[in-house]
Structure formats: structure tokens, C-alpha cells
Amino acid sequence: MSKMSKAIAALGVVAGLGVAALPLSTYAAPNDPNTYSQTTNAQVQVEVEGAISIASNVTEMDGGLVNLGKIMPGGITDETDNADALKVTVSSNSNGAQYNLYINTLEEDGAMKGKSTGATIPGGAPATNTSAWGYQYSADGTTWGGTYAEVPPSATKVNGDTKLSTSGAAEGVKATSDSYFKFRASASNQQLADTYVSTVVFTAVVE
């Protein structure tokens, strides 16, 4: 055997002995009681913040509109039944989410605009032989203020000093709070014949 072959053979013996001499614990599983180990823990956290959303039942109403119907010059629209009032629902992912509810119209002067003539019906309390349109607010859909107020061009709080609050949240179910609105319009004897419209905006603000 050459010197090189003897050297390689010798290394092979040493390597083989080295592998055989390693402690068995090196190959043991982590849960083996004969294996020395230590552990440490880390908690992972995330916070889901409270949030609200707002919607109305306008899509369930006549043609997607709060349609007050038709009136003759000098007339006034019929009083809306409680069941037919516009319902605005605020939803939240937590019970007791407190908020204020605001109303405004997108028209700068607060008036309803005629689609064809551009004539206007100003905001105010509707009355016979008077051109005016306005709203009433109810927190429960049954108790109303009794008088109609102008829908303002700037956002105005409707619920006074008492904040509204959502309730009923459960796993997979949002908490909700409903508010109700009635609208009415009247026309003077001189009001131009036209279809009048205004866009009303409802805003829920957590404050």
C-alpha cells in the first residue's frame, strides 16, 4: 500500500471513530426528556379600533327617492306616516359607540331646485299658499317635534345635547342606532310648474 493510501485509510478510521463517539443527545428530539433545552414566550397583539358607518333606507323607497308626491299651486304635501319616514341607520363594531348626527343640503341656499325651470322652493316651514320645504327629526320614529325646520346648507346637529348610541353588537352582528326623518313641501299660487329636488346629506360623527 502506498503512503498516500495508508494516509487516506488512517483518516477514514479517525473519521469513523469520531462519528461513533458523538453523544447520542445531539440527535435527540426537542421533546426528549434526556435533552437539555430552554424556552421563551412572545405575545402577539393587535387592536381592532371602533368604527361607524351610516346608511339610509332610501333605496327601499319610491324609485330611490323620498317622493313627496304632487301638489297643486297653493297646496301642501300630505303628512308622511311614521312607517314611511326615512330611516337613517348608524352601525358600529362595538356597543355604546356614541355619536352626533348632522343634516344638511348640498344646495348653497338650502332651496329645492326645479329641474326644468331652475325655479326654487326655499327651505322653511311648509304652509298653505307658501313655497317652502323642511324636515322633522325623531329619535324613535314615533315622537316628532311637531314643526318642520329648514334643511340647512351647512351641517347642523339634529340630536341636541344628548348623544346617540349604538347597541346590539354580538359576534358577527353589528351594533346599530336608527334615526327617522319626515319631509314636507308646499307651493304658493305663483310657484312655477316643475319637479323640484334637493340632495340631503346625513353625517354621523364620533365626538
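All residue numbers refer to positions counted from 1 along the written sequence of the respective chain. Predicted model: local features are reported for residues with pLDDT of at least 70 only, side-chain atom pairs are reported and counted for 80 or more only, and whole-chain, interface and lining totals are derived from all residues. Side-chain metrics in this entry use all non-hydrogen atoms of the structure; hydrogen atoms and water are not considered.

Caption draft 1: Looking closely at the overall build of the protein chain. In this description a helix means any DSSP run of H or I spanning at least four residues, a strand means any run of E spanning at least two, and both kinds are numbered starting from the N terminus. Within the protein chain, the secondary structure is distributed over 1 helix and 11 strands. The buried label goes to any residue with under 20% of its type's maximum accessible area, the exposed label to any with over 50%, and the partly exposed label to all in between, with areas taken from a 1.4 Å probe on protein chains only. A buried classification covers 31% of the 207 residues belonging to the protein chain. Any two residues whose heavy atoms approach within 4.5 Å at even a single point are treated as in contact. For the protein chain, contacts bridging at least 24 residues in sequence account for 77% of all contacts bridging at least 6. For accessible areas, the Shrake-Rupley method is used with a probe of radius 1.4 Å. Any residue's cover is judged against the shown protein chains and nothing else. When the accessible surface of the protein chain is totalled, it reaches about 13,500 Å², and 54% of it is carbon and sulfur.

Caption draft 2: Focus on the packing of aromatic side chains. We call Phe, Tyr and Trp rings a pair once their centres come within 6.5 Å, taking the six-membered ring for Trp, and we label the pair stacked below 30 degrees between planes, edge-to-face above 60, and tilted otherwise. Per the counting criterion, the structure on display carries 4 aromatic pairs. Between W133 and F183, the aromatic rings sit 6.5 Å apart at their centres with planes inclined by 25°, giving stacked as the arrangement. With W133 in strand β6 (residues 132-138) and F183 in strand β9 (residues 175-186), this pair connects stretches of sequence that are 50 residues apart. Accessibility classification places W133 together with F183 in one group, the buried group. Residues Y137 and F181 carry aromatic rings whose centres are separated by 5.5 Å and whose planes lie at 50° to one another, so their mutual orientation is tilted. Of the two residues, Y137 sits in strand β6 while F181 sits in strand β9, which places them 44 residues apart along the sequence.

Caption draft 3: Main features of the nonpolar core. Membership of the largest hydrophobic core comes to 21 residues, with the highest contact counts inside it found for Y135, F181 and F183. Listed by contribution, the elements that provide at least two residues to this core are β2 (86-92), β3 (98-105), β6, β9 and β11 (200-205). Sequence-distant contacts of F181, that is, excluding residues within four places in its chain, are made with A85, L86, V88, L101, I103, Y135, Q136, Y137, W144, V158 and F202. For the purposes of this section, nonpolar cores are sets of buried Ala, Val, Leu, Ile, Met, Phe, Trp, Tyr and Cys residues that join through side-chain atoms within 4.5 Å.

Caption draft 4: Fine view of the sheet that holds β6. Being paired, for any two strands, means DSSP has found at least two bridges between them. Strand order in the open sheet formed by 4 strands is β1-β2-β9-β6, with antiparallel pairing between adjacent strands. One side of each edge strand has no neighbouring strand; the edge strands of this open sheet are β1 (52-56) and β6. Adjacent strand axes in the sheet meet at a mean angle of 25°, parallel and antiparallel pairs treated alike. Strand direction decides the pairing type here: β6 and β9, joined by 7 bridges, are antiparallel. Structural elements are reduced to axes, namely lines fitted to C-alpha atoms, with helices fitted over the stretch in contact, and the angle between N-to-C directions of any two is expressed from 0 to 180 degrees.

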